[in-house]
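Reading the structure
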Amino acid sequence: MYRTQTCGELRISDVNKMVTLAGWVQRSRDLGGMTFVDLRDRYGITQLAFNMETNEELCLKARKLGREFVIQAKGKVIERSSKNTKIPTGEIEIEVTELNILNEAKTPPFTIEDESDGGDDLRMQYRYLDIRRNPVINKLKLRNRVALETRKYMDEHGFMDVETPMLIKSTPEGARDFVVPSRLHEGQFYALPQSPQTFKQLLMVSGVDRYYQITKCFRDEDLRADRQPEFTQIDCEMSFVEQEDVLNMFEGLIKHLFKVVKDVDFNYDFPRITWADAMKKYGSDKPDIRFGMEFVYLTDCAKGKGFSVFDNAQEIICINAKGCAEYTRKQLDALTDFVKRPQIGASGLIYCKFNADGTTKSSVDKFFSEEDRKVWGEKAGAEKGDLLLILCGETEKTQKQMNELRLHLGSELGLRDPQVFKPLWVLDFPLLEWSEEENRFMAMHHPFTSPKLEDLHLTATDPGKIRANAYDLAMNGVELGGGSIRIHDHALQLQMFELLGFTPEAAETQFGFLMKAFEFGAPPHGGLAFGLDRLVCMMDGADSIRDYIAFPKNNSGRDVMIDAPAPISDKQLKELNINVLK
Ligand code: ASP
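Here is a short report on the structure shown in this document.

**Quick look at the overall build of the protein chain**
In terms of helices and strands, the protein chain carries 16 helices and 22 strands. By residue count, 49% of the 582 residues in the protein chain fall in the buried class. For the protein chain, long-range pairs separated by at least 24 residues make up 65% of all intrachain contacts whose partners lie at least 6 apart in sequence. By element, 50% of the accessible surface of the protein chain is carried by carbon and sulfur atoms, the whole surface being about 29,100 Å². Here the protein chain contributes 76 positive and 91 negative side-chain charges, whose respective centroids are spaced 4 Å apart.

**A few points about the pairing of strand 14 (residues 350-354)**
Among the five residues in strand 14, five count as buried, and that is most of the element. Side-chain alternation along strand 14 places Ile 350, Cys 352 and Phe 354 on one buried face and Tyr 351 and Lys 353 on a second face that is also buried. Pairing geometry for strand 14 and strand 16 (residues 387-393), over four bridges, is antiparallel. From the neighbouring strand, Ile 350 faces strand 16, where its bridge partner is Ile 390. The pairing of strand 14 with strand 15 (residues 360-362) spans three bridges and is classified as antiparallel. Looking at strand 15, one finds that Lys 353 is bridged to Lys 361. The antiparallel pairing of strand 14 with strand 15 creates a hairpin that spans five residues between the two strands, and Gly 358 there sits at a positive phi of about 95°.

**Comments concerning the site of the ligand**
Taken together, 14 residues are adjacent to the ligand, and Glu 173, Gln 197, Lys 200, His 445 and Arg 486 come closest. Gln 197 is positioned such that a nitrogen or oxygen atom in its side chain is 2.6 Å from a nitrogen atom of the ligand. Between the ligand and the protein, one listed contact pairs an oxygen atom with a side-chain N or O atom of Arg 219 at 2.9 Å. Looking at the shell around the ligand, the elements that each hand over two or more residues are helix 5 (197-205), strand 21 (478-485) and strand 22 (525-531). Examining the composition of the shell around the ligand, we find that three residues originate from one element, strand 22, more than from any other.

**Considering the sheet that holds strand 13 (residues 315-321)**
In a beta sheet, neighbouring strands are held together by backbone hydrogen bonds and run either parallel or antiparallel to one another. Strand order in this open sheet of five strands is 12-13-16-14-15, and the pairing throughout is antiparallel. Looking along the sheet, the strands with just one partner apiece sit at the ends: strand 12 (296-297) and strand 15. Sheet strands touched by helix 11 (residues 370-380): strand 12, strand 13, strand 14, strand 15 and strand 16. Its angle to strand 15, the strand with the most contacts, is close to 95°.

**Notes on unusual backbone geometry**
A negative phi angle characterises most non-glycine residues, just as the trans form characterises most peptide bonds. The peptide bond linking Ala 564 to Pro 565 adopts the cis configuration, its omega dihedral lying at 5°. Relative to the assigned elements, Pro 565 resides in the loop between helix 15 (532-539) and helix 16 (570-575). Positive phi, close to 60°, is recorded for Asp 563, a residue that is not glycine. Structurally, Asp 563 is set in the loop between helix 15 and helix 16. In this structure Asp 563 comes out as partly exposed when scored by relative accessible area, which is 47%.

**Regarding the environment of Glu 186**
Within the secondary structure layout, Glu 186 lies in the loop between strand 7 (179-181) and strand 8 (189-191). Put simply, Glu 186 and Thr 274 are 88 residues apart on the chain and 48 Å apart in space, counted from C-alpha to C-alpha. Looking at Glu 186, its side chain comes within polar contact range of the side chain of Asn 577, at 3.5 Å.

**A word on the pattern of salt bridges**
Working definition: two side chains of opposite charge can pair if their charged atoms are close together. This model, assessed by the stated rule, comprises 45 salt bridges. The partner of Glu 230 in a salt bridge is Lys 216, and the shortest N-O contact between them spans 3.0 Å. Placement of Glu 230 in strand 10 (residues 230-239) and of Lys 216 in strand 9 (residues 210-218) is noted, with a sequence separation of 14 residues between them. Overall, the relative accessible area of 24% leaves Glu 230 in the partly exposed class. In this structure, the salt-bridge partner of Lys 259 is Asp 263, at a minimum N-O distance of 2.7 Å. You can call Lys 259 partly exposed: its relative accessible area is 35%. Via salt bridges that share partners, Asp 120, Arg 123, Arg 127, Asp 130, Arg 133 and Arg 546 belong to a single interconnected network.

**Observations regarding the environment of Asn 577**
Its place among the elements puts Asn 577 in the segment after helix 16. Residue Asn 577 is classed as partly exposed on the basis of its relative accessible area of 45%. For the pair Asn 577 and Ser 347, spaced 230 residues apart in sequence, the C-alpha to C-alpha distance is 52 Å.

**Focus on the sheet that holds strand 10**
Judged by pairing direction, the sheet is mixed, and its eight strands sit side by side in the order 6-9-10-22-21-20-17-11 without closing on themselves. Where the open sheet ends on each side, the last strands, each with one partner, are strand 6 (160-161) and strand 11 (272-274). The pairing of strand 21 with strand 22 spans five bridges and is classified as antiparallel. Paired with Ile 485 across the two strands is Gly 526, which belongs to strand 22. Helix 5 rests against strand 9, strand 10 and strand 22 of the sheet, and its axis sits at about 25° to strand 10.

**Looking at the side chain of Arg 133**
Tracing the backbone shows Arg 133 in the loop between helix 3 (127-130) and helix 4 (134-156). Judged by its relative accessible area of 7%, Arg 133 is buried. From its side chain, Arg 133 meets the backbone oxygen of Glu 113 in a polar contact 2.8 Å long. In contact with Arg 133, other than residues within four places in its own chain, are Phe 110, Thr 111, Ile 112, Glu 113, Asp 114, Ser 116 and Arg 123.

**Some details on the nonpolar core**
One finds Val 146, Phe 250, Phe 258, Phe 530 and Leu 535 to be the most contacted residues of the largest nonpolar core, which totals 42 residues. When residues of this core are assigned to their parent elements, the largest contribution, nine residues, is made by helix 6 (residues 243-262). The residues touching Phe 258, leaving out its near neighbours within four places in the chain, are Asp 263, Val 264, Phe 266, Phe 421, Met 475, Leu 535 and Met 539. By size, the runner-up hydrophobic cluster in this structure holds 28 residues, among which are Ile 273, Ala 278, Tyr 282 and Phe 429.

**Some thoughts on the packing of helix 10 (residues 329-340) against helix 12 (residues 395-412)**
Any two packed helices are characterised by how steeply their axes cross, that is the angle between the axes, and by the distance between the axes. Between helix 10 and helix 12, the least distance of the axes is 10 Å, while the angle of their chain directions is 140°. As judged from the angle between their axes, helix 10 and helix 12 are oblique. Remark: the crossing between helix 10 and helix 12 carries right-handed chirality. Contacts from Leu 335, Phe 338 and Val 339 in helix 10 reach Glu 404, Leu 405, His 408, Leu 409 and Glu 412 in helix 12. Split into classes, the residues belonging to the contact of helix 10 with helix 12 amount to five nonpolar, one polar and two charged.

**Regarding a nonpolar patch on the surface**
A surface patch of nonpolar side chains, about 240 Å² in accessible area, is lined by Met 166, Leu 167 and Tyr 190. Take Tyr 190: it is sitting in strand 8.

Conventions used here
- Residues numbered from 1 in each chain as written.
- Predicted model: local features only at pLDDT ≥ 70, side-chain atom pairs only at ≥ 80, totals over all residues.
- Heavy atoms only, no water.
- Helix = DSSP H or I, 4+ residues; strand = E, 2+ residues; numbered from the N terminus.
- Buried < 20%, exposed > 50% of the residue type's maximum accessible area, 1.4 Å probe, protein only.
- Contact = heavy atoms within 4.5 Å.
- Areas by Shrake-Rupley, 256 points an atom, 1.4 Å probe, with all protein chains shown as cover.
- Lys, Arg positive; Asp, Glu negative; His and termini not counted.
- Charge placed at Lys NZ, Arg CZ, Asp CG, Glu CD.
- Pairing = 2+ DSSP bridges.
- Near = heavy atom within 4 Å.
- Polar contact = N/O pair within 3.5 Å; in protein donor to acceptor, adjacent residues only side chain to side chain.
- Axes fitted to C-alpha atoms, helices over the stretch in contact; angles between N-to-C directions.
- Salt bridge = Lys/Arg side-chain N within 4 Å of Asp/Glu carboxyl O.
- Core = buried A, V, L, I, M, F, W, Y, C linked by side-chain atoms within 4.5 Å.
- Parallel < 35°, antiparallel > 145°, perpendicular 65-115°, else oblique.
- Left-handed = near helix turned anticlockwise from the far one by under 90°.
- Nonpolar A, V, L, I, M, F, W, Y, C, P; charged D, E, K, R; others polar.
- Patch = residues over 30% accessible without salt bridge, like charges linked within 9 Å, V, L, I, M, F, W, Y side chains within 5 Å.

Shown next, in the form of structure tokens:
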């Protein structure tokens, strides 16, 4: 070993010990007769002291050390005269008697300190240097802790970690596949798994009973702050269970993780809401319930008064921004601009102020009397000082727009504290979702999700209304994970494929292996998957999952450090029998 202790280990009780440390030079300071070097490793920083009077040669050597040199120092632990209370090793320093340079270093492209001068791109290009910084390594440490505690919980509950393959064929999650050409099978391709879904179901047929895996999944989708083309799932499946069993098991996991990692006690059952109610109250299938501001529907009382915008709307929805009646013209204009942004797409925003003096004032006073406005106020529980914000139009669109406005206002009013955690199970998702693009129903979750049997009669008349035994765990407006009880019956699965517009041949080609397995005794089963990156990010009160991945991709899916994706050689292309079209 190059060291006897790490740089984060020594305390006042170690004074007089002879030690050897190794690490990186964070910085060095010459103070006339003394030179001090901060030596850093993953565990912390220890100060090395060199004295011009007692050992001139060594001190001169120390003065030549550059930033990020890798060194080894031997010496005695002594008490510091001026202590640093900010770091755990701040009471001691090492009186160095031997100094070895293990490796020199070029000056790093940015300062390797908590506050760095490096921009995002530069730090990503030199991510290995970025990881030397505390704020970055601490995020990876947190991730490690969460993964480890997950494994403990899963193990304690009888789950078996089973690996599933990465080179497979198209999976059913509904995103675009990443594909890998096969050399041995000309013109054929593997797909990288969008999830281990089919394999974990096969493992249930195998009798594995309780499976989990912390594994990479790949989806070729447009990227956002909370999306990466490759991400990690805590993927789980259980046999002989009903929805209630799955929810309880994984509510337990989340409680365990928050308790041991964050010391957050969820000493209550996670609240539950149906998907339909979530859409109605929050316009979102992952509501942020850290604050109220639930939707209030004014459709009944605001339509038919001659205001054509309302009269032509399917739904008129408002939220009550408590205490915001004093909003200025400028503030209201800013909110209007917000909802009119193309990503949100509202055509305008209507307000109604409930002033402190008891009067009301709206942007549509021409059409609505004080009496009308009072009725709105009553519906929305508006008190003096409140502000109603109203959007209208087609139901679903308006709900979604209002969701954005609600979240925006919640942030503006400081109601979304990232250190407050509000979990919520969202249940009874619709089984199907209409795809404009494909002009057919698609599985909202995936085609193996079981429908609620009591809704099956809607198959011929109103398939969009069939509910599934599918659930998500939302927290603070983020989907942490989701899953479903699966279809384990061969005939029902065939019926589902038909409903989803698969011809028997197409179903056979894509999922024949699973259908065949289901003929050999598939147990009732269900499960879910959590996004590990998102979960860790949430636990840290942050919002970019990229920071919790050691080597992430940038916004356009590139790894700027290794410079991938990249062209491959003609020889490789030839071996794969691939022609790249210009
Ligand atoms: N495979 C699903 C997903 O990736 C999770 C599940 O249903 O267990 O969303």
